[in-house]
Amino acid sequence: MFARILTFVTLAAVANAYWTFGGTPILVQTRLDSIVSPGVVSSHVHAVVGASGFGPNYDPDQLMQSKCTTLSVQKDLSNYWAPQLYHRDQNTGQFTAIPSVFNIYYLPRPGPKNEPIKAFPKGLRMLAGDTFRRTYNASSFEDQAIDFVCLTPNGGSDEAPPLPTQECVGGLRAQIFFPSCWDGVNLDSADHKSHMAYPIQAYNGGDCPDTHPVHLISLFYEMEVAVQQFDWHGPGTWVFANGDTTGYGLHADFQNGWDVDLLQAAIDQCSGESGDLLACPPLAALYDPQAAAACVYEGVVADEPTGVDAPITDLPGCNPVYNSGQTCPSKPTPALVPVQTPLPAGWTEVGCIAEGTSGRALAALSTTAPNMSKDVCASFCASNGYTLAGAEFGDECYCDNALRNGATGAVLEWDQCSNRCAGNAFENCGGSSKLTLMSHGGNVARAVRFAKDAA
Ligand SMILES: *[C@@H]1O[C@H](CO)[C@@H](O)[C@H](O)[C@H]1NC(C)=O
Ligand SMILES: *[C@@H]1O[C@H](CO)[C@@H](O)[C@H](O)[C@H]1NC(C)=O
């Protein structure tokens, strides 16, 4: 939390309970933006966190059917995103996506009138910042709402609006504060901003203007970027996905997937003054970091390299690096493709099951492969004549026609199988002594019966 917020709280003497979703992992990095570019490939790559049902379009009812979220409270099925930050190699000119996590703050920030703080209405989406900004206007709240914290040696930090022009050995935080005053009518607007406004006194708190009288909870993101994992070679080392090297073009998006009553209860009952989620009783009851860690994206991505797995020569979408004189080749717009591969014909996923108590649940045949995924495992077992397949520890696959060695086939909570498949990080392949079980032709009932008979 940065000093300016705390200063404001002290001066205004407002209620200062708040909560944080700290260290939230990225769900997907791709050229999608369901607010600004619905239904199509967006202009630049975003780092997205939150609900697994994210996709090219926002439909709140559908989003709230998501299987899971990368947030530690599984009932917040919202999505939060910002442009991906890249490292640009000074010798090769290649770009690598820098790993990041999001810290998401929910802050009640009323002004002197002490207006009631309201939950985000169902269907609300909004944008903060402007991808086209390359200069700073010190009297604009929208510009003030964006800045960067550079963690320097000896635990120090520098905070300023532009991207730092110095090395940040402890990492970098890109910070953005959303407007909190709503017009009370529109869930969106043509520029995705006009239905919202910053408060009268300050971007991060105060009374709402008459045009936007409903005071919502304030949303603040820190994108914590591990820049220290890469060489620093002066200004221009870091480039946002939109080509911005100044930082003034940082922006962020939010689409609401909260149960509105739950969010309001959290706002009304949260008592922690240091951001501790567990001091918010309605949220503490739903705290589930295991599900958050196991959660994988279920949708589509733009079919192109993004610099996440290997360096790339151009920023996706032809976004030339600002002021570099560099051009970029125009490429055809990539297709949107699903990240998960369907199982072979006739196969279905049963769920996550425990290994046998006296040996392997599936003991007839096994393999290990760096390209392991659920379909690779099922195909391997199918081609060897087996009707049950189980993926485990990310890269292992076991086959059989029956469950053995005390395995019951009882389906466990899905998040017990939290290992990412070695060949597809958007699929889960088992866990510790747990199998992601797949079956051909409904063999499982028979397999479970066999296991019981043998017991
Ligand atoms: C700077 O922001 C203020 C407040 O929004 C605005 O009135 C002013 O026109 C802006 N200046 C420029 C040069 O855009
Ligand atoms: C996975 O790798 C194996 C060799 O290890 C290969 O035979 C198989 O075709 C690959 N499967 C896919 C889907 O790439």
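- The chain appears in an unreviewed UniProt entry as WSC domain-containing protein from Trametes cubensis.

Digging into the pattern of salt bridges
Alright, step 1. Across all of its chains, the model carries 12 salt bridges by this definition.
Alright, step 2. The partner of Asp143 in a salt bridge is Arg133, and the shortest N-O contact between them spans 2.5 Å. With Asp143 in helix α3 (residues 141-144) and Arg133 in the loop between β8 (125-129) and α3, this residue pair connects regions lying 10 residues apart in the sequence.
Alright, step 3. Of the charged contacts in the structure, one is a salt bridge between Glu392 and Arg360, with a shortest N-O distance of 3.4 Å. Pair noted here: Glu392 is in strand β22 (residues 388-392) and Arg360 is in the loop between β20 (347-354) and β21 (365-368), with a separation of 32 residues, a long-range link.
Alright, step 4. Taking the relative accessible area as the measure of exposure, Glu392 reaches 1% and is therefore buried.
Alright, step 5. Judged by relative accessible area, Arg360 falls into the partly exposed class, the value being 33%.
Alright, step 6. When salt bridges with common partners are traced through the structure, they connect Glu355, Arg360 and Glu392 into a single cluster.

What about the sheet that holds β20?
Alright, step 1. Strand order in the open sheet formed by 5 strands is β20-β26-β22-β23-β21, with antiparallel pairing between adjacent strands. A strand with exactly one partner marks an edge of an open sheet, and here the two such strands are β20 and β21. On average, each strand axis in the sheet is inclined to that of its neighbour by 20°, with strand direction left out of account.
Alright, step 2. In this structure, β22 lies alongside strand β23 (residues 396-400), joined through 5 bridges in antiparallel fashion. Residue pairing for β23: Ala391 is matched across the bridge by Cys397.
Alright, step 3. Lying on the sheet, helix α7 (residues 374-383) is in contact with β20, β21, β22, β23 and β26 (434-440); it crosses β23 at an angle near 35°.

Some remarks on the nonpolar core
Alright, step 1. Ranked by size, the top nonpolar core spans 60 residues in total, and within it Trp19, Tyr106 and Phe120 carry the most contacts.
Alright, step 2. Non-local contacts of Phe120, meaning those with residues more than four positions away in its chain, are made with Tyr106, Met126, Leu216, Ile217, Leu219, Phe254, Asn256, Trp258, Val260 and Leu263.
Alright, step 3. With 13 residues, the next largest nonpolar core counts Trp347, Ala369, Cys399 and Met438 among its residues.

With respect to the UniProt feature "domain: WSC" (unreviewed entry) in the chain
Alright, step 1. The UniProt entry lists residues 346-441 under the feature "domain: WSC" (unreviewed entry), expressed in the numbering used here.
Alright, step 2. From the first C-alpha to the last, residues 346-441 spans 6 Å; its make-up is 10% helix and 38% strand.

A short note on the site of ligand 1
Alright, step 1. Inspection of the region around ligand 1 gives Asn137, Ser139 and Ser140 as its neighbouring residues.
Alright, step 2. In the environment of ligand 1, an oxygen atom lies 2.3 Å from a nitrogen or oxygen atom belonging to the side chain of Asn137.
Alright, step 3. A total of 360 Å² of accessible area belongs to ligand 1 in isolation, and the protein chains cover 26% of it.

Some points on the pairing of β23
For a regular strand, side-chain orientation follows a simple rule: the groups alternate between the two sheet faces.
Alright, step 1. With 5 of 5 residues buried, β23 is to be regarded as a mostly interior element.
Alright, step 2. Side-chain alternation along β23 places Glu396, Tyr398 and Asp400 on one buried face and Cys397 and Cys399 on a second face that is also buried.
Alright, step 3. In this antiparallel pair of consecutive strands, β22 and β23, the connection spans 3 residues, and Phe393 shows a positive phi of 50°.

Regarding the state of the cysteines
Alright, step 1. Under the criterion given, the structure shown has 9 disulfides.
Alright, step 2. The disulfide that involves Cys150 links it to Cys168, with 2.1 Å between the sulfurs. Residues Cys150 and Cys168 are joined by a disulfide whose S-S torsion is about -115°; by sign, that bridge is left-handed. On the criterion of sequence distance, the pair formed by Cys150 in strand β9 (residues 146-151) and Cys168 in the loop between β10 (157-160) and β11 (172-177) is long-range, its members being 18 residues apart.
Alright, step 3. Judged by relative accessible area, which is 1%, Cys150 ranks as buried.
Alright, step 4. With a relative accessible area of 2%, Cys168 lands in the buried category.

The rules behind these values
- Residues numbered from 1 in each chain as written.
- Chains lettered and ligands numbered in written order.
- Predicted model: local features only at pLDDT ≥ 70, side-chain atom pairs only at ≥ 80, totals over all residues.
- Heavy atoms only, no water.
- Salt bridge = Lys/Arg side-chain N within 4 Å of Asp/Glu carboxyl O.
- Helix = DSSP H or I, 4+ residues; strand = E, 2+ residues; numbered from the N terminus.
- Buried < 20%, exposed > 50% of the residue type's maximum accessible area, 1.4 Å probe, protein only.
- Pairing = 2+ DSSP bridges.
- Axes fitted to C-alpha atoms, helices over the stretch in contact; angles between N-to-C directions.
- Contact = heavy atoms within 4.5 Å.
- Core = buried A, V, L, I, M, F, W, Y, C linked by side-chain atoms within 4.5 Å.
- UniProt positions renumbered as here; feature names shortened; annotations may be inferred.
- Near = heavy atom within 4 Å.
- Polar contact = N/O pair within 3.5 Å; in protein donor to acceptor, adjacent residues only side chain to side chain.
- Areas by Shrake-Rupley, 256 points an atom, 1.4 Å probe, with all protein chains shown as cover.
- Disulfide = S-S within 2.5 Å.

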